[in-house]
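Report on the structure
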Amino acid sequence: MTTQKSAAEPMVQIPETYVVLPLRNAVFFPRQVLPLSVGRESSLRVLEEAQRDNLPILLIAQRDGAVTNPQAADLHSLGTIGKILKVFNLPDGTKSILVQGLSRARVLTFLQTEPYIKVVAHQVEDEGSTDIEIEALASAIKSVFHKVVELSPELNEDQLSIVLNLSDPGAVADIPVSMLNAGLEEKQAILETLGLKERLQKAHKLLSTILQRLELGNKIQS
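Residues numbered from 1 in each chain as written. Predicted model: local features only at pLDDT ≥ 70, side-chain atom pairs only at ≥ 80, totals over all residues. Heavy atoms only, no water.

What follows deals with the nonpolar core. Ranked by internal contacts, the top residues of the largest apolar core, which has 35 residues, are Phe-145, Val-148, Leu-155, Leu-180, Leu-200, Leu-206 and Leu-207. For this core, the secondary structure elements donating two or more residues are helix H2 (132-151), helix H3 (157-164), helix H4 (169-179), helix H5 (184-191) and helix H6 (196-221). For this core, the leading source of residues is H2, giving eight residues. Sequence-distant contacts of Val-148, that is, excluding residues within four places in its chain, are made with Leu-155, Leu-180, Leu-207, Ile-210, Leu-211 and Leu-214. Counting 17 residues, the second largest nonpolar core, distinct from the first, contains Leu-21, Leu-23, Ile-97 and Tyr-116. (Core = buried A, V, L, I, M, F, W, Y, C linked by side-chain atoms within 4.5 Å. Buried < 20%, exposed > 50% of the residue type's maximum accessible area, 1.4 Å probe, protein only. Helix = DSSP H or I, 4+ residues; strand = E, 2+ residues; numbered from the N terminus. Contact = heavy atoms within 4.5 Å.)

So, in C-alpha cells, the structure goes:
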C-alpha cells in the first residue's frame, strides 16, 4: 500500500489502481487464505496482469452469482485486497489459485469493465480501539466458535486452533465468519462493517444463530 506521513500528521491511505477478480459465490476476508477456481476469460486476464507485474488483486463479491459478465452495478463496493500465493494451470485451460487476504478496500471509481475490470480503490481500516468490551466480545466469539466446531461436521480442530490463537480483535471477527457455511449477504455485511465493536457484535450474533441451529439439529437426531 502507498502511504504518506509527516511528523505531525497521521498515516493517510492513497488510492491505488487494482485489477478486480469478481467472486461468484464467496465473500473474501482479510487474513483469509482461500483456494479459487478461475475459468472466466476476463478473470484469466486479471491473473495474467497480476502475475506479470507481481500485483495484488482486489476480490469483490458479486451481488448475483448467476451473472457471467459482471459490470460495475453487479459488484459490491467493498472487497478485499489479496496476494496471489500460488497458481496452478489445469488441463482444461482454467486455473486454480491460492490467495491471501491483506486488507479491506473500497472502490472509488471504475476505470474499465472490458476486457476485465479495473478500479481505483483505497484501503480502509478498522474503526475503534481495543477496550474491555471489545476484548470480552472477542473472547465470547472464540467460546461460541469452539462449540460450533464441536457440533459441525464441516469444521475441524485445525480451524479451531487458528481462531483460538488469534490476538487481533478484527481478525477474531473475520476469520471464524470466513470459515462458516453462512449466507453470502450475512458475510458481506460483516465485511462491510468497519466499526470494530459493531463487527464483533454481528459476528457473535451470526455464530450464536448457527450454534442454535446445530444444537437443535443434534437434539432432533438424538
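Attention now moves to the pairing of strand E7 (residues 95-112). The sheet contact formed by strand E4 (residues 33-38) and E7 spans six bridges and is antiparallel. The residue of E7 that forms the bridge with Ser-37 is Ser-96. The pairing of strand E6 (residues 78-89) with E7 spans eleven bridges and is classified as antiparallel. By the bridge assignment for E7, Gly-82 is matched with Gly-101. Linkage of E6 to E7, two consecutive antiparallel strands, is achieved through a turn of five residues, within which Gly-93 is found at a positive phi near 95 degrees. In this sheet, strand E8 (residues 118-124) lies alongside E7 in antiparallel orientation, the contact comprising seven bridges. Bridged to Arg-104 within E8 is Val-124. Where E7 folds back onto E8 in an antiparallel hairpin, the turn is made up of five residues. (Pairing = 2+ DSSP bridges.)

With that settled, the discussion passes to unusual backbone geometry. Note: most peptide bonds trans; most residues except glycine with negative phi. Note that the residue after Glu-114, namely Pro-115, is joined by a cis bond; omega there is 0 degrees. One can find Pro-115 in the loop between E7 and E8. Despite not being glycine, Arg-31 shows a phi value in the positive range, around 75 degrees. Turning to its location among the elements, Arg-31 is positioned in the loop between strand E3 (16-23) and E4. Its identity is not glycine, yet Asn-54 carries a phi of approximately 55 degrees, on the positive side. Structurally, Asn-54 can be placed in the loop between helix H1 (41-53) and strand E5 (57-61). Assessed through its relative accessible area of 69%, Asn-54 is described here as exposed.

Our focus in this paragraph is the pairing of E3. Extensive coverage of E3 is indicated by the burial of six of its eight residues. Two elements, E3 and E8, share four bridges in a ladder whose sense is antiparallel. Considered in E8, the bridge of Val-19 is made with Lys-118. The pairing of E3 with E5 spans four bridges and is parallel. The residue bridging Leu-21 from the neighbouring strand is Leu-59, located in E5.

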